[in-house]
Amino acid sequence: MKLARTVAGAMVLVALFVPPAIAQVEREKLLSEPGVYGTFAVFKLSEEWWKMDQAARAAAASEVKGVFQKHADKIIADTYLLRGLSEKADLLLRVHGREMAHNQNFLVDLMGTTLGRHLKNTDTFNGITKKLNYVPSFPEELKTELKTPPPQGSPYAIVVPVKKDAEWWTLSQDARTAMMKEHTDATIAYLKTVKRKLYHASGLDDLDFITYFETARLDDFNNLVIGLLKVKENRHNKRFGDPLLLGTIRPLDEILATLTR
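Residues numbered from 1 in each chain as written. Predicted model: local features only at pLDDT ≥ 70, side-chain atom pairs only at ≥ 80, totals over all residues. Heavy atoms only, no water.

1. So, the overall build of the chain
Inclusion rule: Numbering of helices and strands runs from the N terminus; a helix is a DSSP stretch of H or I covering at least four residues, while a strand is a stretch of E covering at least two. As a reference, a globule follows 2.2 Å times the number of residues to the power 0.38, and the radius of gyration itself is taken over C-alpha atoms. Exposure categories follow from relative accessible area, calculated using a 1.4 Å probe and restricted to protein chains: below 20% of the type maximum is buried, above 50% is exposed, and the middle band is partly exposed.
Scanning the chain from terminus to terminus reveals 9 helices and 11 strands. The C-alpha radius of gyration computed for the chain amounts to 19 Å, which stays within 12% of the reference 18 Å derived for 261 residues, consistent with globular compactness. By its C-alpha atoms, the chain is 60 × 40 × 35 Å across when sized along the principal axes. Out of the 261 residues in the chain, the part that is buried amounts to 48%.

2. What about the confidence of the model for the chain?
For clarity, the threshold we go by: Per-residue confidence from the prediction method is given by pLDDT, with values spanning 0 to 100. Should any heavy atoms of two residues lie within 4.5 Å, those residues are counted as being in contact.
Scored by pLDDT, the chain has a mean of 92; 92% of the residues are at 70 or more. Considering only residues more than four positions removed or in separate chains, one finds that residues 1-18, a stretch of pLDDT under 50, has 48 contacts.

3. Quick notes on the side chain of Thr 39
Operational definition: In protein, a polar contact requires one atom able to donate a hydrogen and another able to accept it; more generally it is a pair of N or O atoms within 3.5 Å, and residues adjacent in sequence count only if both atoms are side-chain atoms.
The residue Thr 39 is located in strand S3 (residues 37-45) in this model. With relative accessibility at 3%, the residue Thr 39 sits in the buried group. Side chain to side chain, Thr 39 and Asn 126 meet in a polar contact 2.9 Å long. Filtering out sequence-adjacent residues up to four positions away, Thr 39 remains in contact with Leu 93, Arg 94, Val 95, Met 100, Asn 103, Leu 107, Thr 124, Phe 125 and Asn 126.

4. Regarding unusual backbone geometry
For the peptide bond that leads from Asp 242 to Pro 243, omega is 5 degrees, which places it in the cis range. Among the structural elements, Pro 243 can be located in the loop between strand S10 (237-240) and strand S11 (245-249). Within the secondary structure, Asp 242 is located in the loop between S10 and S11. Since its relative accessible area comes to 64%, Asp 242 is described here as exposed.

5. Considerations on helix H4 (residues 100-111)
What counts, and what does not: Every helix has an expected span of 1.5 Å times one less than the residues it contains. As used here, the arc is the angular range of directions from the helix axis to the C-beta atoms.
Under the 1.5 Å per step criterion, the end-to-end length of H4 is 17 Å for 12 residues, consistent within 8% with the ideal 16 Å. Looking only at H4, the buried set comprises Asn 103, Phe 106, Leu 107 and Leu 110. Viewed along the axis of H4, the buried residues span an arc of 95 degrees, placing them on a single side of the element. Tucked into the core, H4 has its buried residues touching S3, helix H3 (54-70), strand S4 (75-81) and strand S5 (91-97).

6. With respect to the pattern of salt bridges
Cut-off, in case you're wondering: When a carboxyl oxygen of Asp or Glu is within 4 Å of a side-chain nitrogen of Lys or Arg, the pair counts as a salt bridge.
Scanning the entire structure with this criterion turns up 14 salt bridges. Arg 94 is paired through a salt bridge with Asp 78; the nearest N and O atoms lie 3.0 Å apart. Of this pair, Arg 94 sits in strand S5 while Asp 78 sits in strand S4, and the two are 16 residues apart along the sequence. Pair check on accessibility: Arg 94 and Asp 78 agree, each one buried. The salt bridge partner of Lys 181 is Asp 185, with a shortest N-O separation of 2.9 Å. Of this pair, Lys 181 and Asp 185 both sit in helix H7 (residues 173-185), 4 residues apart, which is roughly one turn of that helix. Residues joined by salt bridges that share partners form a network here, namely Glu 26, Glu 33 and Arg 98.

If you want it as structure tokens, here you go:
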């Protein structure tokens, strides 16, 4: 087995007999196709972890790599460092699989490692990717603008869980489409600097949506959110964030090195 660096510094582990190009194709499928399950697992390390000697922590890190290798044919897992930007969490894993059980099995094995036994699972969000719901009804000009290529290689990731109120679901499709068009109009100015991915969570979690962003321009992201808070659709957001997760996209090796210093 070996580690292969992928886009945005994320890591996917592939078997030696699988060409990197094939692994990259499978990764892109999991990140773009509908019907893929996403799990966001947030962890904080215990105080006892930092009291262990460095050699013991390094050995524990090697054990974690073995778990990534074991599940490489079932899931892809992206790693993020929250430590230093959050007092509530140190690490975020974004896991994609074609079955939710594959995500679960990976995380259970991870939490069974020496390092995993020192991880407190502070939050977990589960969702599924779907085809676009409102965009097909948008004007052609807006559809064209939405084809703007997103930024690549961004260093920051932000996760915003969203819960809608009951009224939102009782509105007609036309009413929701009108509000989502206003919502989308507010994002157009930031398509070149903020990448976005949506997960549907109703019935899979206490949430309705999980919104994931990547950017190199946190000032643009700040302005984007301010714009979205002003649209009518926001009145139906019963929960926006809480927690909002902000971290840096890091390779697995780099994160393990940080946690074993």
